[in-house]
Amino acid sequence: MIKKLLTLTLIFILAALVPGRPAQAEPAPFVLALPMVMKQLGLSVAHLGPDLSRTMGVIQDPFNANMLYAYTFGSGVFKSIDYGQTWFASSTGMNYLLLHSMAADPLNARVLYAGTYAEAGGTYYGVYKSIDYGATWAPTGVLSNTWNGAVYTNPVVYAIEIDPTNPQRIYAGTRMRNLPDGALGGGGVFRSENGGAA
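Since we're looking at a predicted model, the values are computed, not measured. (Residues numbered from 1 in each chain as written. Predicted model: local features only at pLDDT ≥ 70, side-chain atom pairs only at ≥ 80, totals over all residues. Heavy atoms only, no water.)

Student: Let's hear about the overall build of the protein chain: which residues, and what values?
Tutor: Looking only at helices and strands, the protein chain features two helices and 13 strands. Going through the 198 residues of the protein chain one by one, you find that 38% of them count as buried. Counted over contacts in the protein chain with a minimum sequence separation of 6, partners at least 24 positions apart contribute 40%. Summing over all exposed atoms, the protein chain offers an accessible surface of approximately 11200 Å²; the carbon and sulfur share of this is 61%. (Helix = DSSP H or I, 4+ residues; strand = E, 2+ residues; numbered from the N terminus. Buried < 20%, exposed > 50% of the residue type's maximum accessible area, 1.4 Å probe, protein only. Contact = heavy atoms within 4.5 Å. Areas by Shrake-Rupley, 256 points an atom, 1.4 Å probe, with all protein chains shown as cover.)

Student: Please set out unusual backbone geometry residue by residue, giving values where relevant.
Tutor: The general pattern is negative phi for most residues beyond glycine and trans for most peptide bonds. A positive phi angle is found at tyrosine 83, which is not glycine, with a value near 60°. By relative accessible area, tyrosine 83 is classed as partly exposed at 25%. Although it is not a glycine, tyrosine 133 adopts a positive phi angle of roughly 60°. Position of tyrosine 133 among the secondary structure elements: in the loop between strand 7 (127-130) and strand 8 (138-139).

Student: Summarise the confidence of the model for the protein chain; cite the residues concerned and give the values.
Tutor: Chain-level statistics for the protein chain give a pLDDT mean of 74 and a share of 62% at 70 or above. At the low end of the mean pLDDT range in the protein chain sits helix 1 (residues 2-17), at 42; at the high end sits strand 7, at 95. Across residues 2-33, confidence stays below pLDDT 50; counting only partners more than four residues off in sequence or on other chains, it has nine contacts. Of the regions scoring below 50 in pLDDT, residues 45-52 engages in 12 contacts with residues more than four places distant in sequence or in other chains. (pLDDT = per-residue confidence, 0-100.)

Student: Let's hear about the sheet that holds strand 8: which residues, and what values?
Tutor: Read from one edge to the other, the open sheet built from four strands follows the order 5-6-7-8, with strand pairing classed as antiparallel. The two strands at the open ends of the sheet, each matched to only one other strand, are strand 5 (99-104) and strand 8. Pairing analysis gives two bridges linking strand 7 to strand 8, with the strands arranged antiparallel. Paired with tyrosine 128 across the strands is proline 139, a residue of strand 8. (Pairing = 2+ DSSP bridges.)

Student: Quick one: what's the story with the pattern of salt bridges, residue by residue and with numbers?
Tutor: Side chains that differ in sign of charge can pair as their charged atoms come close. All told, the structure shown has three salt bridges when counted by the stated rule. Here glutamate 193 ties to arginine 169 by a salt bridge, and the two come within 3.0 Å at their closest N and O atoms. Of the two residues, glutamate 193 sits in the segment after strand 13 (188-192) while arginine 169 sits in the loop between strand 11 (155-162) and strand 12 (170-176), which places them 24 residues apart along the sequence. Between glutamate 193 and arginine 191 there is a salt bridge, with the nearest N and O atoms lying 3.0 Å from each other. (Salt bridge = Lys/Arg side-chain N within 4 Å of Asp/Glu carboxyl O.)

Student: Describe in detail the nonpolar core, supporting the description with residues and values.
Tutor: With 18 residues, the main nonpolar core has Tyr69, Val77, Met94, Met102 and Trp137 as its most contacted residues. At the level of elements, strand 2 (68-73), strand 5 and strand 6 (112-116) are the ones that each hand at least two residues to this core. A total of three residues in this core trace back to one element, the largest contributor, which is strand 2. Non-local contacts of tyrosine 69, meaning those with residues more than four positions away in its chain, are made with Gly57, Val58, Ile59, Val77, Phe78, Lys79, Trp87, Met102, Leu112, Tyr133 and Gly134. (Core = buried A, V, L, I, M, F, W, Y, C linked by side-chain atoms within 4.5 Å.)

Student: Just give me the short version of the packing of aromatic side chains, but keep the residues and values in it.
Tutor: What characterises a pair of aromatic rings is the spacing of the ring centres plus the angle enclosed by the ring planes. For the structure shown, the criterion picks out one aromatic pair. Plain terms: the ring middles of phenylalanine 73 and tyrosine 117 are 5.3 Å apart, the flat faces sit at 70° to each other, and that makes the pair edge-to-face. Taken together, the residues span a long stretch of sequence, with phenylalanine 73 in strand 2 and tyrosine 117 in the loop between strand 6 and strand 7 at a distance of 44 residues. Of the two residues, phenylalanine 73 and tyrosine 117, neither departs from the other in class, the shared state being buried. (Phe/Tyr/Trp six-rings, centres within 6.5 Å; stacked < 30°, edge-to-face > 60°.)

Student: I'd like to hear about the side chain of aspartate 163, residue by residue, with values.
Tutor: Mapped onto the secondary structure, aspartate 163 falls in the loop between strand 11 and strand 12. Polar contacts involving the side chain of aspartate 163 include one to the side chain of arginine 169, which spans 3.0 Å. (Polar contact = N/O pair within 3.5 Å; in protein donor to acceptor, adjacent residues only side chain to side chain.)

Student: Can you break down the pairing of strand 7 residue by residue, with the values?
Tutor: Both strand 6 and strand 7 contribute to a ladder of four bridges, which runs antiparallel. In the strand pairing of strand 7, alanine 114 is matched with tyrosine 128.

Okay, structure coming up:
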């Protein structure tokens, strides 16, 4: 009995002395690294200015931390599936590539929305929607507003928010551009109750 106790004690002592495998490091928190994105797009970091396809922001897939989407002012959407190590264009279906905002459905990662920066007097584009992880895009319902008795379209979509409890409810914060005197105005907050269809 004493021999067994001594043997067990020796095993425990040796186990304490042998270094174990190092604990795995926690994955790094998601960091918005615009210079890295710009480099992958083949543009100088100096192009973080007002145009030349600057990267406006990056969003992350709500269920897959390795999947990132960069939305740009002039080059549409770029996607990474390896936490930003590499990027590829993901704008099929977009015929307007000046983007100003983006959001992912918090309950269905396949669904994405991208808001455009419409040119004054140009064709309406508004918000694009993807239902296949950004592989293809299609325009959503028209955003229009009445300002001083006149109807305006061509909104600059500054922000998109999705109701976390009801992803069919989408909010778009906009500012219109094609006022008769060339000034900005006529915008506001738009709400959709059917996933952007109207």
